[in-house]
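A look at the structure
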Amino acid sequence: MKAMSFASAAVIALVAFGTTAAFARDTIQIAGSSTVLPFASIVAEEFAAAFPDFKAPVVGSGGTGAGLKQFCEGDGENTIDIANASRPIKDSEKEVCTTNGVKDIREIQFGFDGIVFASAATGPDFALTPVEVYKALAAQIMVDGKLVDNPNKTWKDVDASLPDQPIALAIPASNHGTREVFQQKVVDAGAKEAGLPEGLTDEQKLAATTTFRQDGVTEISGDYTETLARLKSDPNTVGVFGLSFYDENKDSLKVATVNGVVPSNESVAKGEYPVSRPLFFYVKGSHIGLVPGIEEYVQFFMSDAMIGEGGTLEAAGLIPQPAAKSAEVLAAFAAAK
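Residues numbered from 1 in each chain as written. Predicted model: local features only at pLDDT ≥ 70, side-chain atom pairs only at ≥ 80, totals over all residues. Heavy atoms only, no water.

**A short note on the confidence of the model for the chain**
- On average, residues of the chain carry a pLDDT of 92, and 93% of them reach 70 or more.
- The model gives residues 8-21 a pLDDT under 50, and that stretch makes 12 contacts with residues more than four places away or in other chains. (pLDDT = per-residue confidence, 0-100. Contact = heavy atoms within 4.5 Å.)

**Section: the packing of helix α5 (residues 130-137) against helix α7 (residues 177-194)**
- In the contact formed by α5 and α7, the axes pass within 7 Å of each other and the chain directions differ by 90°. Here α5 lies roughly perpendicular to α7, going by the angle between them. Along its contact with α5, which presents P130, V131, V133, Y134, K135 and L137, the element α7 presents F182, K185, V186, V187, A189, G190, A191, E193 and A194.
- Within the contact of α5 with α7, the residues separate by chemical class into 11 nonpolar, 1 polar and 3 charged. (Axes fitted to C-alpha atoms, helices over the stretch in contact; angles between N-to-C directions. Helix = DSSP H or I, 4+ residues; strand = E, 2+ residues; numbered from the N terminus. Parallel < 35°, antiparallel > 145°, perpendicular 65-115°, else oblique. Nonpolar A, V, L, I, M, F, W, Y, C, P; charged D, E, K, R; others polar.)

**Some remarks on the state of the cysteines**
- Under the defined criterion, the tally for this structure stands at 1 disulfide.
- Between the sulfur of C72 and that of C97 lies a disulfide, 1.9 Å long from S to S. Disulfide C72-C97: torsion about the S-S bond near -70°, hence left-handed. On the criterion of sequence distance, the pair formed by C72 in the loop between α3 (64-71) and β3 (82-85) and C97 in helix α4 (residues 91-99) is long-range, its members being 25 residues apart. Just as C72 is buried, C97 falls in that class too. (Disulfide = S-S within 2.5 Å. Buried < 20%, exposed > 50% of the residue type's maximum accessible area, 1.4 Å probe, protein only.)

**What about the packing of aromatic side chains?**
- Taken as a whole and judged by the stated rule, the model has 18 aromatic pairs.
- Ring centres of Y224 and F241 lie 6.0 Å apart, and the angle between their planes is 55°; this geometry places the pair in the tilted category. Linking Y224 in helix α9 (residues 224-233) with F241 in strand β10 (residues 238-242), this pair joins segments that are 17 residues apart in sequence. F241 shares its class with Y224; the two are buried.
- Counting every residue linked through ring pairs, the aromatic cluster contains F39, F47, F51, F54, F110, F281, Y297, F300 and F301.
- The ring of F333 carries R106 above its face, with NZ or CZ at 5.3 Å from the centroid.
- The side chain of K284 reaches across the aromatic face of F71, ending 5.0 Å from its centre. (Phe/Tyr/Trp six-rings, centres within 6.5 Å; stacked < 30°, edge-to-face > 60°. Lys NZ or Arg CZ within 6 Å of the ring centre and 35° of its normal.)

**Details of the nonpolar core**
- Core analysis: the biggest nonpolar cluster contains 42 residues, and F117, L128, L137, W155, F182 and F241 have the highest contact counts within it.
- The set of elements that each furnish at least two residues to this core consists of β4 (105-120), α5, α6 (155-158), β8 (169-172), α7, α9, β10 and α10 (243-248).
- Of the residues forming this core, the biggest block, 5 residues, is contributed by α7.
- If we ignore the near neighbours within four places in the chain, the residues touching F182 are I115, F117, V133, L137, I171, V187 and V240. (Core = buried A, V, L, I, M, F, W, Y, C linked by side-chain atoms within 4.5 Å.)

**What about the pairing of β8?**
- Sheet topology places β8 next to strand β9 (residues 217-220); 4 bridges connect them, and they run parallel. Looking across to β9, one finds that P172 is bridged to I220.
- Pairing of β8 with β10, which is carried by 2 bridges, proceeds in the parallel orientation. What sits directly across from L169, in β10, is V238. (Pairing = 2+ DSSP bridges.)

**Considering the environment of T211**
- Relative to the helices and strands, T211 resides in the loop between α8 (202-210) and β9.
- Since its relative accessible area comes to 38%, T211 is described here as partly exposed.
- Excluding anything up to four places from it in sequence, T211 contacts A138 and A139.
- Among the polar contacts made by the side chain of T211, one reaches the main-chain carbonyl oxygen of A207 at a distance of 2.8 Å. (Polar contact = N/O pair within 3.5 Å; in protein donor to acceptor, adjacent residues only side chain to side chain.)

**Regarding unusual backbone geometry**
- The phi torsion at D144 lies on the positive side, around 55°, for a residue other than glycine.
- Of the residues examined, D144 reaches a relative accessible area of 77% and is grouped as exposed.

**Here's the deal with the pattern of salt bridges**
- Counted according to the given criterion, the structure contains 12 salt bridges.
- Salt-bridge contacts for D125 lead to K254; the nearest nitrogen and oxygen are separated by 2.8 Å. Highlighted residues: D125 in the loop between β4 and β5 (127-128) and K254 in strand β11 (residues 253-255), separated in sequence by 129 residues.
- Given a relative accessible area of 60%, D125 falls into the exposed group.
- One salt bridge connects R179 with E219, and the closest N-O pair in it is separated by 2.9 Å. Highlighted residues: R179 in helix α7 and E219 in strand β9, separated in sequence by 40 residues.
- One salt-bridge network, in which partners are shared between bridges, spans R87, K90, E93 and E180. (Salt bridge = Lys/Arg side-chain N within 4 Å of Asp/Glu carboxyl O.)

**A look at the pairing of strand β1 (residues 29-32)**
- Where β1 lies against strand β2 (residues 58-62), 3 bridges are found, and the strand directions are parallel. In the strand pairing of β2, Q29 is matched with V58.
- Regarding topology, helix α2 (residues 37-50) serves as the crossover connection from β1 to the parallel β2, and that connection is right-handed.
- Bridge count between β1 and β3: 3 bridges; the pairing is parallel. Residue pairing across strands places G32 opposite N84, the latter belonging to β3. (Right-handed = clockwise from strand over helix to strand, strands pointing away.)

Listed below in structure tokens is the structure:
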């Protein structure tokens, strides 16, 4: 009912302002985050049903970094209109956009998600901390005051409280926004607690926190279904992905606690679960009015029916943000900020 009411109001607006497209294509093109992909796909389908005068947006994946790279390639009908992202756009990416003539970048934050560690439902329970994850995956860790090749072969080697199971981690590759949040909130935090030898250069410190072992860590460049396939083929694997994806597959998985907190919509919304992040999509303002439906798509996506409490995307795993935040985001979008 909420979606239908919104659609009715928007149809009135369409009659008033028209729908003429200046580009030859008349379909919104979207790419980016694997985490945002299922949410955007649902909205695109619902949008097409609510607005039959518009074609359903085409939603692709590829990861946050890849999506923003496409987004910043330039203006024009051969470039995408929207980039989905599981992290904020970087200053360096904005610079690329500006260099290529993409100057009207409108940020839309629409909710939250957590990053989880999940393993086979038939396997042992995991209660992890960032320092334990760091000591499991780093290529080198500090032993007796110096960096040595990681001697840990099993999780029990890392900490006696953990399962006696070979270390096998499937983590997002560098093209994913999830990887960057994982690096910052888990690996970097764990390295800080574990400690690094004194006297390292900045370059050596960076290498110590970003170089992972080759015998127990697999970097997944595809979407989360590839990580899930890895878990199914090797029951010892612990996978890293979004909470919403775990919720969709929890019949075959079990989730680890982090710092003693079970990841859930409630623990993320309350700020209790330590590995969480806001979700975004970025709109190319210069394409509004040239590709039909962009403005209406944003309004529909941000409607209470989609992202509010009890809305369609909450049922799909999105953690809603406060209504006041959504109103603020929409006001900034309308004002071209």
